[in-house]
Each structure stands twice: as structure tokens, then as C-alpha cells.
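# Survey of secondary and tertiary structure
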Amino acid sequence: MPELPEVDVIKQALRKTIINKKINKVSIHNPNLRFKVNKNLEKILINKKILNISRIAKYLVIHFETGLFLIIHFGMSGTLHMVDKKKNINTNLSFYSHLNLPKKHNHVEIFFKNSRLIYNDPRRFGFIKVLNKMENLKKYFKKIGPEPNSKQFNTRYLKRKLNKKEINIKNALLDQTLVSGLGNIYVNEILFYSKIYPLKKSSEISKKFINKIIKYSNFVIKIAIKNGGSSIMNFKNTTGRMGNFQKEFKVYGKDGYMCPRTNCKGKIKKVFISNRSSFYCNICQK
DNA sequence: CCGTTAACCTGAGAGC
DNA sequence: TGCTCTCAGGTTAACG
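This report concerns the structure included in the present document. (Residues numbered from 1 in each chain as written. Chains lettered and ligands numbered in written order. Predicted model: local features only at pLDDT ≥ 70, side-chain atom pairs only at ≥ 80, totals over all residues. Heavy atoms only, no water.)

A few words now on the overall build of chain A. Within chain A one finds seven helices and eleven strands. The globule rule puts the C-alpha radius of gyration for 286 residues at 19 Å, and the 20 Å found for chain A is close to it. Viewed in the frame of its principal axes, chain A has a C-alpha envelope of about 55 × 40 × 30 Å. Counting all 286 residues of chain A, 52% fall into the buried class. Sequence-distant contacts in chain A: of pairs separated by 6 or more residues, those separated by 24 or more amount to 63%. As presented, chain A carries roughly 14500 Å² of accessible surface, and 49% of it is formed by carbon and sulfur atoms. (Helix = DSSP H or I, 4+ residues; strand = E, 2+ residues; numbered from the N terminus. Rg over C-alpha atoms; globule rule 2.2 N^0.38 Å. Buried < 20%, exposed > 50% of the residue type's maximum accessible area, 1.4 Å probe, protein only. Contact = heavy atoms within 4.5 Å. Areas by Shrake-Rupley, 256 points an atom, 1.4 Å probe, with all protein chains shown as cover.)

Let us now look at the pattern of salt bridges. One pass over the full model with this rule turns up six salt bridges. Across the pair Lys201 and Glu166 runs a salt bridge, and its minimum N-O distance is 3.0 Å. Of the two residues, Lys201 sits in the loop between α6 (184–193) and α7 (207–226) while Glu166 sits in the loop between α4 (155–163) and α5 (169–174), which places them 35 residues apart along the sequence. Classification of Glu166 as exposed rests on a relative accessible area of 57%. Each of the salt bridges in this network shares a partner with another, and the network as a whole consists of Asp8, Lys11, Arg55 and Glu147. (Salt bridge = Lys/Arg side-chain N within 4 Å of Asp/Glu carboxyl O.)

Right, let's get into α6. With respect to burial, α6 is a largely interior element, ten of its ten residues being buried. Of all the positions in α6, only Asn184, Ile185, Tyr186, Val187, Asn188, Glu189, Ile190, Leu191, Phe192 and Tyr193 are classed as buried. Among the structural elements, α1 (4–17), α5, α7 and β11 (276–281) are those in contact with the buried residues of α6. Lys195 lies just past α6 and shows a positive phi near 60 degrees.

Structure representation (C-alpha cells):
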């Protein structure tokens, strides 16, 4: 499911919901996610209090007392749901789907006194992992590149990285070791704003356009978070919380439409780049 | 080491 | 209605 903005919105919602709550019980209905869920998850988490929630790239990080961290990656279809015990109301943190997600995909449930947090993931590309100690957390994310809105993601850094690559810019920006948190939707959008053809060789991108990538990465991510992230796929049926940034898409999923840029008479084309759909204007992206 | 492709999964929607 | 096919917000092992 989510890229950086969606995970960030989930983080914000969770901060309002589960900080200072203590784990009463953990149920693992299906441990077979991308990586097998630790059998001892309940033993490890029981009676532990949640101190904070943060986000690193596309990962959600739940901080517990005694230096314990639970990291959640949502893969393509992972969602979290808060369910109130008494009212059985689903206070939804989801973007991908609706409130009546099949229960068979509720793989892990974390119980609190009056509520529970459900991890649902039809495709099981996501995973949940416990890390003990800040040191292990840092080690885990060692290979992850800077985030688009960080100081490290600057002209010098990006120029150096892109210059030594023989791949197209679309794939370069999807490389999480180069820049972290961007996925298929946002890379398509960023390249549109930057007027760069997605198949352009990354080593041939001039400084001027490198600066555009930085500028519009910041812009797109910021506005996406502001709009509550993007909800695609099943959003027709969504009665839970959903994002609105999909309404702002310029090219993603817009093949056949006219280019939204004023004074551009181009058309949005769809091509597959490394098995991922890519959208671009055939005139203004060069 | 680098770049590309296939594979991991389930479900929705299109076309017949 | 039902079958087959394609596609989906991600990552990475295996290959040349």
C-alpha cells in the first residue's frame, strides 16, 4: 500500500490513539507475512507501554518502554485498524480498503484495555518485526537512503549518485538506498512536475533538473501529507478514513488524458518500466 | 559490482 | 454466471 506520505498519516493518527497504552495481549492468526512473525511477539510485548510512534522511510516504528521497537512495513496492501472494544467501532487508519475487510486477512491483533489494533494484509507483502535497542534500529536502516525532505538530499548528493548510474531516472528514484520513501505514484508525479521523461538516463540529468527533482520531491510529499495521503483501489467503498491526494494526481492513472499543464497540448502516456506502470506527458517531459 | 527480471501473494475488474 | 487474463501503493533473490 503506502509510500512515505501514507505511512506518515498513519503515524499521526496512531499518535493520537495508542501512545501510553499498554499491551494486554497479542494474537497472531497468520504469521506468514513477507517474513515470518516472531512467535514470541506476545511474550515480548505484553505489559509494555507505547511511548511514541515514528516513521522511517515507508516503515512505521512503534517505540516501547525499555528500548523496544516494533517496525511495520505495509508492503502493497497492508493496513492498520483500531477497533473500540465496547462499541466495536472501527476507527480506521486505512487507505487501501474499506471497513469490512475480510477477517481472514487480519493476521496480527494487538490488544489494549479497551481497544485493539489490527494488521490486515491480503497480499502479505508487508511484515512486522521487533528490534531491541536503538543500536539495532539504526543498523536495520543503515542501507536506507536519505528522505526527500532531508538536508542530505541535496544537489551535491543527488548529482553524485545519479552520475554514476546507468539506469533510467524512474528506477533511480524508486531505489530506496538512493532516496527513501518514494514509490510508484510519487515518482511519477515528481517527474511530471520536474518535466523529466521517466526513461531518461539518470547520468544525463543536468544540475538544473536535479534541482527540480529535489524541489518537487519536497513539494509533492508535503502536499500529499497535507491532503492525508492517497487512497486508490477500493476507495469507492471506503467508509473509513481516506486520503485525498489522489484527486491531485497529474499523471498517475491518467493515461489518455490531456496534459494538465496550461499551454501544453501533450497527452499522458502509459508505459511499463521494469514491470511498473509509468505515466508521463509526451510533450513536456523530456 | 551493476542492471534487469521474476517471484512473492490475493483480489478486483475487464473481456469473452 | 463463470472462466481467464491483467493489474495493483513494494522489495529482493537470482541471473547474466
